[in-house]
Structure formats: C-alpha cells, structure tokens
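Next come the chains, spelled out residue by residue.
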Amino acid sequence: MSAPDTDVEPGTVYLVGSGPGDPELLTVRAIRLLEAADIVLHDKLPGPEIIESLPEDRREDVGKRAGGERTPQSEINERLVELARAGKSVVRLKGGDPFVFGRGGEEAEYLAAHEVPFEVVPAITAAIAAPAVAGIPVTHRDHASSVSFVTGHEDPTKPESAVDWEALAATGGTIVVLMGVGRLPDYTAALREAGMAPDTPVALVERGTRPGQRVATGTIETIVDVRDEADISPPAVTVIGDVAGTRESVADFLRNDYGAAADAESEAAADSEGED
Ligand code: SAH
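Residues numbered from 1 in each chain as written. Predicted model: local features only at pLDDT ≥ 70, side-chain atom pairs only at ≥ 80, totals over all residues. Heavy atoms only, no water.

J.: Go over the sheet that holds strand β4 (residues 90–94) with me, naming the residues and quoting the values.
T.: Strand pairing within a sheet occurs via backbone hydrogen bonds; the two strands may be parallel or antiparallel. Read from one edge to the other, the open sheet built from five strands follows the order β3-β2-β4-β1-β5, with strand pairing classed as parallel. Across the chains shown, the open sheet's two edge strands, defined by having one partner strand only, are β3 (59–61) and β5 (118–121). On average, adjacent strands in this sheet sit at an angle of 20 degrees to one another, irrespective of strand direction. With respect to the sheet, helix α4 (residues 104–113) is in contact with β1 (13–17), β4 and β5, its orientation differing from that of β1 by roughly 170 degrees. (Pairing = 2+ DSSP bridges. Helix = DSSP H or I, 4+ residues; strand = E, 2+ residues; numbered from the N terminus. Axes fitted to C-alpha atoms, helices over the stretch in contact; angles between N-to-C directions. Contact = heavy atoms within 4.5 Å.)

J.: Can you lay out the domain arrangement of the protein for me, pointing to particular residues and giving the numbers?
T.: Domain parsing of the protein yields domain 1 (13–124) and domain 2 (127–275). Here the C-alpha centre of domain 2 lies 28 Å away from the C-alpha centre of domain 1. Each partner contributes to the interface: domain 1 provides ten residues, whereas domain 2 provides twelve residues. Both sides of the domain 1 and domain 2 interface together cover about 840 Å² of buried area, and 66% of this is carbon and sulfur. Its residues assigned to classes, the side of domain 1 that touches domain 2 comprises six nonpolar, two polar and two charged. (Domains from an automatic or database assignment. Buried area = accessible area lost by both parts, 1.4 Å probe. Nonpolar A, V, L, I, M, F, W, Y, C, P; charged D, E, K, R; others polar.)

J.: An account of the site of the ligand is needed here, citing residue identities and associated values.
T.: In the neighbourhood of the ligand, 19 residues make up the surrounding shell, with Asp-97, Val-100, Thr-125, Gly-208 and Ala-236 lying closest. Contact distances for the ligand include 2.8 Å between a nitrogen atom and a backbone N or O atom of Pro-20. At 2.8 Å from a nitrogen atom of the ligand is found a main-chain nitrogen or oxygen belonging to Gly-208. For the ligand, whose accessible area on its own is 550 Å², the fraction buried by protein is 94%. Counting residues per element, the ones that place at least two in the shell around the ligand are α5 (126–133) and β10 (236–240). By residue class, the composition of the shell around the ligand is twelve nonpolar, four polar and three charged. Taken together, domain 1 (13–124) and domain 2 (127–275) each give at least three residues to the shell around the ligand, which thus spans both. (Near = heavy atom within 4 Å. Polar contact = N/O pair within 3.5 Å; in protein donor to acceptor, adjacent residues only side chain to side chain. Areas by Shrake-Rupley, 256 points an atom, 1.4 Å probe, with all protein chains shown as cover.)

J.: Just give me the short version of the side chain of Glu-206, but keep the residues and values in it.
T.: Within the fold, Glu-206 resides in strand β8 (residues 201–206). You can call Glu-206 buried: its relative accessible area is 4%. A polar contact of 2.6 Å, which involves the side chain of Glu-206, links it to the side chain of Arg-214. Leaving out residues up to four positions away in the same chain, Glu-206 has contacts with Gln-213, Arg-214, Asp-231, Ile-232, Ser-233, Pro-235 and Ala-236. (Buried < 20%, exposed > 50% of the residue type's maximum accessible area, 1.4 Å probe, protein only.)

If you want it as structure tokens, here you go:
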C-alpha cells in the first residue's frame, strides 16, 4: 500500500499509536503518517525497530532529558503546540494505543485548549497484544467474560490508590496490569487478601511482539519469585486469571516467533522455582 503524502495537514498534531512494538503491527494510517509528517515526537516505548526506521532529521525523542530524567508532560505538550503553530504536521508517536495509559488524553485536552487541531490514530494496545502473542486470550468463553486493564504503578496500600483491587478480585474476570513489574508483590498481595484463589494462574509477558520477547508463568502466590528468577523487567504486562493457564494447551503450535529461545529459558527458570 503506497503512502500518498497529501493527507497530512500542516499545523495539525496526529496522536498516533505505534502498536506493541513489531513494525508489522503498525496500522496503515500510522505508516502513512510516519512517512508524511514533518516531524515525529516519540519516547522509548514504541521500540527501536520502529523509531530507528525514521530518518533522524524528522524525529525528536521527547522521552528523556539529558541526565536521564523524564521529560515533564507539560514540556511535551508545549512542544506539540509550538511545532503545530509553526505550521508543521506533527506525529506524536506513542507505544501501544495512544489513549490507553499513554497520557494521550491529556495531550488531546491540551491541544484542544490551545486550539490546535488534532487527529487520534488508535492502535493495538500491548494490554491485549502482548498476552495474545504469548498464546493468552484476554477473554475466553470458558474462563473469563470480562477483562480489566489497570495500572500497577500505584501503591495499593495507600488509601488514595485509584485501583480497587478488592473489587477487581471479585469480578472473576481477567486482570491485565500495565506498568506493574515493580509493584507486583504489592498488588498480588492485595488480590490474595481480597480472597483470590492461591492457584490463580499469572503470566508475565516481557517485550511482547519484540525481539527477545519472554513469557514467565506462575500463580498469584509464586509469580513474584518467578519474576525475580527470570529477572523480568519493563516493559511487561501481568495477566492474572484463568486465561493465563490456557497458554500451555496451545504453546506447541503457536507460531508467534518473537523470542522462542529466551522464552524457553524463562519458563525453565519458572519451572525449577515451582519444584523447589
Ligand atoms: N499505551 C500503551 C501503554 C503505555 S503504559 C499501550 O496501549 O500499550 C506502558 C506499559 O505498557 C508498560 O509498562 C507495559 O506494561 C506495557 N507495554 C507496552 N509495550 C509493551 C510490550 N511490547 N510488551 C509488554 N508490555 C508492554
């Protein structure tokens, strides 16, 4: 499919999702806009496979400032408005879907408040795609008739925590936690306290759809040790619920080949953890 560059408007911001990382999973609209826009503002989450395919003079990393600290959201917002007002067509490229835990909503509000026209280009969220390529359907007629996407970034013991883990445990549906590697011990404990069965299956999918993807599996009781043993690090999603246990029955024939070798290793680590 060719990319007519007539469909980008000067002075417009495109809030574009990159999908979970595999460039093959970009939308056609995203590819067209990436080719045609004057400038692409991105952070690290879309992954090097997508970012490094863009010419250096048309991309700007707004993820981190010199010294390694995170760029404040206000600075990114201001930069978007500044470029649009200078008449540029601007792609703001975000990992996964721009409106799923991506602060895309805040950027849209800021643009509207500053009378900058924008278009949202939805994408495949890692919340669904990372489990999927690991062989885990987030819903399943026999196992889960609902799914919740939650942030694992907050301290569940704080009263102001916006995530009601007790209510989530009561749904019996699948829980997919984003930004939840670091606080895994906290929210798994909160779910256990809320009465979740100790043998509830849990899977961690690290770098889903990217080279070196790894999957580590356990239960709500063992998963913290599994994480430590396999040294799982962000970006990763945590899938909690019976669907996480269905992976085994399809794994032998699953041909989403992103990181089979590493995957086997992390499962070996998880297995030996379980036998100890
Ligand atoms: N807008 C994004 C989410 C941004 S929040 C989306 O829709 O996917 C960042 C979190 O997304 C990470 O901490 C991780 O939990 C998850 N994530 C993003 N890309 C991922 C990937 N390739 N594999 C696993 N998790 C990923």
